[in-house]
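Each chain, written out:
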Number of protein chains: 2
Amino acid sequence: MSTQKKTIGFIGTGVMGGSMAAHLIQAGYQLNVFTRTKSRAKSLLQQGATWKDSVKELAKESDVIITIVGYPSDVEEVYLGEEGLLNHARPGSYLIDMTTSKPSLAKEIFEKAKIKDLFALDAPVSGGDLGARNGTLAIMVGGEEKVFEDMLPIFELMGENIQLQGPAGSGQHTKMSNQITIASNMIGVCEAVTYAQKAGLNPSKVLDSITTGAAGSWSLSNLAPRMIADNYDPGFYVKHFIKDMKIALESAKELGLSTPGLELSLSLYEKLAAEGNENSGTQALIKLFQKTK
Amino acid sequence: MSTQKKTIGFIGTGVMGGSMAAHLIQAGYQLNVFTRTKSRAKSLLQQGATWKDSVKELAKESDVIITIVGYPSDVEEVYLGEEGLLNHARPGSYLIDMTTSKPSLAKEIFEKAKIKDLFALDAPVSGGDLGARNGTLAIMVGGEEKVFEDMLPIFELMGENIQLQGPAGSGQHTKMSNQITIASNMIGVCEAVTYAQKAGLNPSKVLDSITTGAAGSWSLSNLAPRMIADNYDPGFYVKHFIKDMKIALESAKELGLSTPGLELSLSLYEKLAAEGNENSGTQALIKLFQKTK
């Protein structure tokens, strides 16, 4: 079995990528890794991965290349740059971008890849650091069905809820729907917790009443308790959420869709970041509400 | 046992009250009922309840009086009006308002009741018509602990998640937290579903990807599928949600809290109602988004 396995190149070994790549090694895949800051690949190298000095070097010796980097500009450079994947991956390679990035960029990569006989998928994830560590991510995929099926065994090592959502870009569009839903809900959760506090209630007890019914949500159950405990450690960074909301807003505008909730949330988070909270968890949004008078 | 039971007066036998009162009859309580439109009490009368011609008549012959009426103005009239409960209930009676109403009014009723040796609780509910029918409502209670404990056996016939949240008004404040949470989340759910539709995705499949993670919520799981099916039947009426949001906004202002998400949601729902949708279910909000260009 193991000898038949494809060699996987993994680009981007941050909090998410590091855990995701480790599952591939544990499953017996030969793994090449490259990331901007080599020290962040240390743990994977200790687990048996092979370091490559550049995207180009990695591309030359991998059958499947998975990327999970920071911003759409990083995706653009890694894929479309002079030294990037489209210029250096071997024909017949699979290119899977798991970064949360622009749907339009995912389509562009897919089309340019196709010309070079490369098989591209966009496959952003949700589930956070814990989902990455436990291999329980939701993976939202855009691309061709055959390519999706070829990659499914690899996806299954990293996630649980794995869905082909449609043609190239559909994974990113689905992730945008996910982030758009969260954006407005975070406002409601912050307003509700602050309201409970200002009304003199015990906010934890209020959660006992409201999390089980029509107000219930993942954010209310998981982030409101952190807000109440003044715990602003990042599960999901404010700066990354801002990035995602900007992509979502741009994409919504391209689709001719008005999104006042998303716009409000983005403006509040930008204010929060400007006040020095960009490296806090998204639950820090409550700070803006608690200080209003 | 049954002969020791208190006689309950029930005022307001709409969709919620009708089901809630029926549980009390089934448990063997003697029930007096009054409601503005007598025909709406028909089913309860057939089940053995006794009709009373006015609040005053009902008050004279009941030990515990439960009200679940429409607007705060109705609560005010039923409790504080010339012919109302505070003027006509027998000393030692229990008065439980389960209407979603103003926290400040609940406090006023409590204080005025106390002077007349009447025991008042505010106890709004969530869980909708289904929760009322199945006896699985969340009941959020404000008032004195001893009074709450006396009434607990009655609450347990109507609900499951029953919490004393604090002194008078705390039940209403908790319900406001509940509605504030829902208000912003509904915007996010509508924007996300419309985004998915405009992006050419299959919105039901998108829900398969996003309901299980950080975007997950009761509204996303229960109302988004109705939006996708163009089903705008009321679970919870637009007009009632507007009422609740107006109370919440007024109450938030009294507390010195800025609630931009709540304000946005209220303005959108008012627009929706103005366009003839006030008797639709709250999921009809998506209509505003689908027609934007």
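Since the structure is predicted, the reported quantities are computational estimates derived from the model, not experimental observations.

A. Spotlight on the relation of the copies chain B and chain A. For the pair chain B and chain A, the relating rotation is 180°, the translation along its axis is 0.0 Å, and the fit reaches an RMSD of 0.0 Å. On the angle and the small slide along the axis, the relation comes out as a two-fold axis. A share of 100% of the interface residues of chain B reappears at the interface of chain A, consistent with the copies meeting face to face through the same patch.

B. Spotlight on the environment of Lys287(A). Mapped onto the secondary structure, Lys287(A) falls in helix H15 (residues 286-290). The partly exposed category is assigned to Lys287(A), whose relative accessible area is 29%.

C. Layout of the packing of helix H9 (residues 170-198) of chain A against helix H13 (residues 238-254) of chain A. Residue and element names in this part refer to chain A. Interhelical geometry of H9 versus H13 gives an angle of 110° and a closest axis separation of 9 Å. By the angle class used here, H9 and H13 are roughly perpendicular. Crossing hand, H9 versus H13: left-handed. Only Phe241, Asp244, Met245, Ile247, Ala248 and Ser251 of H13 make contact with H9, whose side of the interface consists of His173, Lys175, Met176, Gln179, Ile180, Ile182 and Ala183.

D. Looking closely at the confidence of the model for chain A. Summing up the model confidence of chain A, the mean pLDDT is 96 and the portion of residues at 70 or higher is 98%. For this predicted complex, the interface confidence reaches an ipTM of 0.96, while the overall pTM sits at 0.96.

E. Fine view of the domain arrangement of chain A. All names here are of chain A. Here chain A is described as being made up of domain 1 (8-167) and domain 2 (173-290). Between domain 1 and domain 2, the C-alpha centre-to-centre distance is 28 Å. Taken together, the contacts link 14 residues of domain 1 with 13 residues of domain 2. Note on domain 1 versus domain 2: buried area summed over both sides is about 1100 Å², and carbon and sulfur give 61% of it. Its largest share of buried area at the contact with domain 2, domain 1 owes to Tyr71, Thr100 and Pro103, together 42% of the area lost on that side. Applying the counting rule to domain 1 against domain 2 returns one salt bridge. Among the ionic pairs, Glu250 bridges to Lys102, the shortest N-O distance being 3.5 Å. Inspection of the domain 1/domain 2 interface yields five residue pairs in polar contact (both at pLDDT 80 or more).

F. Looking closely at the environment of Thr100(B). All names here are of chain B. Here Thr100 lies in the loop between strand E5 (94-97) and helix H6 (103-115). Residue classification places Thr100 among the buried positions, given a relative accessible area of 9%. When the C-alpha atoms of Thr100 and Ala123 are compared, they prove to be 8.2 Å apart, with 23 residues separating the residues in sequence. Side chain to side chain, Thr100 and Lys175 meet in a polar contact 2.6 Å long.

G. How the structure looks around the interface of chain B and chain A. Listed as interface residues are 60 residues of chain B and, on the opposing side, 60 residues of chain A. Together, Thr181(B), Glu191(B) and Tyr195(B) form the three largest contributors to the area buried by chain B at its contact with chain A, with a combined 14%. Linking chain B to chain A there are zero salt bridges. On the surface where chain B and chain A come into contact, there are 22 residue pairs in polar contact (both at pLDDT 80 or more). Looking at the side of chain B that touches chain A, the elements that each hand over two or more residues are strand E8 (137-142), strand E9 (159-166), helix H9 (170-198), helix H10 (203-210), helix H11 (218-222), helix H13 (238-254) and helix H14 (260-277) of chain B. Counting residues per element, the side of chain B that touches chain A draws most heavily on H9(B), which supplies 20 residues. Its residues assigned to classes, the side of chain B that touches chain A shows 29 nonpolar, 26 polar and five charged.

Scoring rules and cut-offs
Residues numbered from 1 in each chain as written. Chains lettered and ligands numbered in written order. Predicted model: local features only at pLDDT ≥ 70, side-chain atom pairs only at ≥ 80, totals over all residues. Heavy atoms only, no water. Least-squares fit on C-alpha atoms with pLDDT ≥ 70 in both. Contact = heavy atoms within 4.5 Å. Helix = DSSP H or I, 4+ residues; strand = E, 2+ residues; numbered from the N terminus. Buried < 20%, exposed > 50% of the residue type's maximum accessible area, 1.4 Å probe, protein only. Axes fitted to C-alpha atoms, helices over the stretch in contact; angles between N-to-C directions. Parallel < 35°, antiparallel > 145°, perpendicular 65-115°, else oblique. Left-handed = near helix turned anticlockwise from the far one by under 90°. pLDDT = per-residue confidence, 0-100. Domains from an automatic or database assignment. Buried area = accessible area lost by both parts, 1.4 Å probe. Salt bridge = Lys/Arg side-chain N within 4 Å of Asp/Glu carboxyl O. Polar contact = N/O pair within 3.5 Å; in protein donor to acceptor, adjacent residues only side chain to side chain. Nonpolar A, V, L, I, M, F, W, Y, C, P; charged D, E, K, R; others polar.

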